[in-house]
Amino acid sequence: YPLIQKLRHEQHQGSQSAVLHASSQFSQHLSAPSFAERWIAQQKALTVLVARSSNGETMAYPVEEIAAQEQTDLPDRRLAPAELESSVSDQAQHIAIRAINALSGIGVFSIELLLTESDELLVNKVIPRIQNVAQLTADACVTDPFEQHLRAILGLPL
């Protein structure tokens, strides 16, 4: 403890998770097939959209900050671009691109990262689609992620 319990199936943006801080809270656990992860003390939760084309070209959108309710881990609000030092933002984009390259992914992916209290960036989740919380980029960037997804799978310049 503390830990976060997540359902194995039908998990969507924290909708099926529970944060338990002590064994005395066991009665609040989810009673379905699930897994538990160590709760990591964090400064911020971040999301980076990464596009990777069929020819290996990659690009990352600006880093977004996702604020979540502590008890449910449900996203509450977002800030784009995230309020980060440029070196941290650059590192988050670099890590996200490396993750997608390692998976040889093609298309647009949402990579969730945690900025820990000790200033480490950890990959929390790789989501093989454009996540709902990242849709702000549809109006904020020259090429929105939906068009970028098509460009990536068709091998067009990103």
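Residues numbered from 1 in each chain as written. Predicted model: local features only at pLDDT ≥ 70, side-chain atom pairs only at ≥ 80, totals over all residues. Heavy atoms only, no water.

## With respect to the overall build of the chain
Looking only at helices and strands, the chain features 3 helices and 9 strands. Along the chain, from the amino end to the carboxyl end, the secondary structure elements read β-β-β-β-β-β-β-α-β-β-α-α. Here the chain, with 158 residues, has 39% of them falling under the buried criterion. Sequence-distant contacts, at least 24 apart, represent 58% of the contacts inside the chain between residues at least 6 apart. Roughly 8,700 Å² of accessible area belongs to the chain as shown, and the carbon and sulfur atoms make up 50% of that amount. (Helix = DSSP H or I, 4+ residues; strand = E, 2+ residues; numbered from the N terminus. Buried < 20%, exposed > 50% of the residue type's maximum accessible area, 1.4 Å probe, protein only. Contact = heavy atoms within 4.5 Å. Areas by Shrake-Rupley, 256 points an atom, 1.4 Å probe, with all protein chains shown as cover.)

## So, helix α1 (residues 86-103)
Its 18 residues give α1 an end-to-end C-alpha distance of 26 Å, which sits within 8% of 26 Å, the value for a rise of 1.5 Å per residue. All buried positions along α1 are accounted for by Val88, Ser89, Ala92, Gln93, Ile95, Ala96, Ile97, Ala99 and Ile100. Of the residues trailing α1, Ser104 is marked for its positive phi of about 55°. (Expected span 1.5 Å × (residues − 1).)

## Describing a nonpolar patch on the surface
Together, Ile106, Leu150, Ile153, Leu154 and Leu156 make up an exposed nonpolar region whose accessible area comes to about 450 Å². Tracing the sequence through the fold places Ile153 in helix α3 (residues 145-154). (Patch = residues over 30% accessible without salt bridge, like charges linked within 9 Å, V, L, I, M, F, W, Y side chains within 5 Å. Salt bridge = Lys/Arg side-chain N within 4 Å of Asp/Glu carboxyl O.)

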